[in-house]
Amino acid sequence: MDEDPREGLAVRIAGEVTLSDDPGATLRKWRTDFDVSQTTLAEELDVSSSVVSDYESGRRKSPGIALVSRLVNALLDIDERRGGTHIGQFARVLSAGFDSDVVLDLREYPATIALDDLWASVDATEVVRGDRDTVSGHTVIDSIAAIRRLSGDGFYRLYGQSTSRVLGFTNVSRGESPLVAMRVVDPTPSAVLLHGLSPDELWEHAPALANRDGFSLAVTEMPVDEMLAALRGHA
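Here's a quick rundown of the structure. All values derive from a computational prediction rather than experimental measurement.

**Notes on the overall build of the protein**
In step 1: Of the regular secondary structure elements, the protein holds 12 helices and 6 strands.
In step 2: In the protein, buried positions account for 48% of the 235 residues.
In step 3: Partitioning the contacts of the protein with sequence separation of at least 6, the portion at a separation of at least 24 is 73%.
In step 4: When the accessible surface of the protein is summed, it comes to about 11,200 Å², and 47% of that surface belongs to carbon and sulfur atoms.

This is how it looks when you write it as structure tokens:
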């Protein structure tokens, strides 16, 4: 696509910060997402770390457009020096034709990994054992946004390079909608991960639907940021 990934990500971050009711908290969220410490960001900006802390905590008035631009570009510069992981992720989502609010993460792994190892990394409880024991990637989506906005073909494109992957859903209440959606997707992924649920909270018909289609089904209550970080570790 024509949009430069770095520019597109910069616009998104700056827009979220400037439109937020709590700009400091939004700045902190993005800094944390980029795995950048306050000290590292402060050094990039040539200010003291207390300045960054003051903006994030709201002790200083909301940053103006010029400062937001500096903060955003500092995060992107740091990411580029580290290999461009976050810029690259944004580019992958855009190139697959998705809004980044729908797809939270989409990655391929350098080698297949055991599904049991992936479940362990995200503290997941497997409810149904599927037909396949390994995966080659993951896609994590916001279930409400995806179900409202994606067609059957859109769901298929969520698979990236392979259906041998974990398809994760956030924003789940009991799991009805993701499991029903899987009934219209052909082929199905190797595994489905429902975030924010315990086994007891899972929709009672979910295991039967997973069994019918042959995919592994698991749930996790790990905080979403920690879950995404753990999944990215496999890539």
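From this point, things continue past the structure.
**Considerations on the sheet that holds strand β3 (residues 134–142)**
In step 1: Ordered by their spatial adjacency, 6 strands build an open sheet running β1-β3-β4-β5-β6-β2, and the pairing between neighbours is mixed. What marks the edges here is a single partner per strand, and that holds for β1 (103–114) and β2 (125–128). The average angle at which neighbouring strand axes cross in this sheet is 20 degrees, direction not considered.
In step 2: As paired elements, β3 and strand β4 (residues 166–170) share 5 bridges and run parallel to each other. From the neighbouring strand, Ile141 faces β4, where its bridge partner is Phe169.

**So, the side chain of Ser164**
In step 1: Within the element layout of this structure, Ser164 appears in the loop between α9 (152–157) and β4.
In step 2: Ignoring any residue separated from it by four or fewer positions in sequence, one finds Ser164 in contact with Thr134, Val135, Ser136, Gly137 and Ser190.

**Here we look at the pairing of β4**
In step 1: Burial within β4 is extensive, with 5 of its 5 residues counted as buried.
In step 2: The side-chain alternation of β4 yields two buried faces, one formed by Val166, Gly168 and Thr170 and the other by Leu167 and Phe169.
In step 3: Relative to strand β5 (residues 191–195), β4 is paired through 4 bridges, and the arrangement is parallel. Within β5, the residue paired with Leu167 across the bridge is Val192.
In step 4: Of the crossover connections in this fold, the one passing from β4 over helix α10 (residues 176–182) to the parallel β5 is right-handed.

**Quick look at unusual backbone geometry**
Excluding glycine, residues mostly carry a negative phi; peptide bonds, for their part, are mostly trans.
In step 1: Backbone geometry places Asp46, a non-glycine residue, at a positive phi of 60 degrees.
In step 2: In this fold, Asp46 is placed in the loop between α3 (38–45) and α4 (49–57).
In step 3: Look at Asn171: it is not a glycine, yet its phi comes out positive at around 60 degrees.

**Observations regarding the environment of Leu104**
In step 1: Relative to the helices and strands, Leu104 is located in strand β1.
In step 2: Judged by its relative accessible area of 29%, Leu104 falls in the partly exposed class.
In step 3: In the structure, Leu104 is positioned 35 residues away from Thr139 in sequence and 7.6 Å away in space, judged by C-alpha atoms.

**Some thoughts on the environment of Asp225**
In step 1: Within the secondary structure layout, Asp225 lies in helix α12 (residues 224–233).
In step 2: By relative accessible area, which is 45% here, Asp225 ends up partly exposed.

**A few points about helix α11 (residues 206–213)**
Note that an α-helix has 3.6 residues per turn; residues three or four places apart therefore point the same way.
In step 1: Of all the positions in α11, only Ala206, Leu209 and Ala210 are classed as buried. The buried residues of α11 occupy one face: seen down the axis, they fall within an arc of 100 degrees. Of the exposed residues in α11, those oriented more than 90 degrees away from the buried face are Asn211 and Arg212.
In step 2: Buried residues in α11 make contact with β2, α10 and β6 (216–220).
In step 3: Gly214 lies just past α11 and shows a positive phi near 80 degrees.

**A closer look at a negative patch on the surface**
In step 1: Judged by side-chain charge, Asp123, Asp200, Glu201 and Glu221 come together as a negatively charged surface patch.
In step 2: Relative to the helices and strands, Asp123 is located in the loop between α7 (115–121) and β2.

**Observations regarding α12**
In step 1: Looking at α12, one finds that the buried residues are Met227, Leu228, Ala230 and Leu231. Taken around the axis of α12, the buried residues stretch over an arc of 160 degrees, which confines them to a single face.
In step 2: Turning to α12, the residues buried within the fold contact β1, α7, β3, β4, β5 and β6.

**What to know about the packing of α3 against α4**
In step 1: Interhelical geometry of α3 versus α4 gives an angle of 110 degrees and a closest axis separation of 8 Å. In this view, α3 runs roughly perpendicular relative to α4, as classed from their interaxial angle. Between α3 and α4 the crossing geometry is right-handed. From α3, Gln38, Thr39, Leu41, Ala42 and Leu45 reach across to α4, where they touch Ser49, Val52, Ser53 and Glu56.
In step 2: Counted by class, the contact of α3 with α4 contains 4 nonpolar, 4 polar and 1 charged residues.

Definitions and limits used
- Residues numbered from 1 in each chain as written.
- Predicted model: local features only at pLDDT ≥ 70, side-chain atom pairs only at ≥ 80, totals over all residues.
- Heavy atoms only, no water.
- Helix = DSSP H or I, 4+ residues; strand = E, 2+ residues; numbered from the N terminus.
- Buried < 20%, exposed > 50% of the residue type's maximum accessible area, 1.4 Å probe, protein only.
- Contact = heavy atoms within 4.5 Å.
- Areas by Shrake-Rupley, 256 points an atom, 1.4 Å probe, with all protein chains shown as cover.
- Pairing = 2+ DSSP bridges.
- Axes fitted to C-alpha atoms, helices over the stretch in contact; angles between N-to-C directions.
- Right-handed = clockwise from strand over helix to strand, strands pointing away.
- Arc of directions from axis to C-beta.
- Patch = residues over 30% accessible without salt bridge, like charges linked within 9 Å, V, L, I, M, F, W, Y side chains within 5 Å.
- Salt bridge = Lys/Arg side-chain N within 4 Å of Asp/Glu carboxyl O.
- Lys, Arg positive; Asp, Glu negative; His and termini not counted.
- Charge placed at Lys NZ, Arg CZ, Asp CG, Glu CD.
- Parallel < 35°, antiparallel > 145°, perpendicular 65-115°, else oblique.
- Left-handed = near helix turned anticlockwise from the far one by under 90°.
- Nonpolar A, V, L, I, M, F, W, Y, C, P; charged D, E, K, R; others polar.

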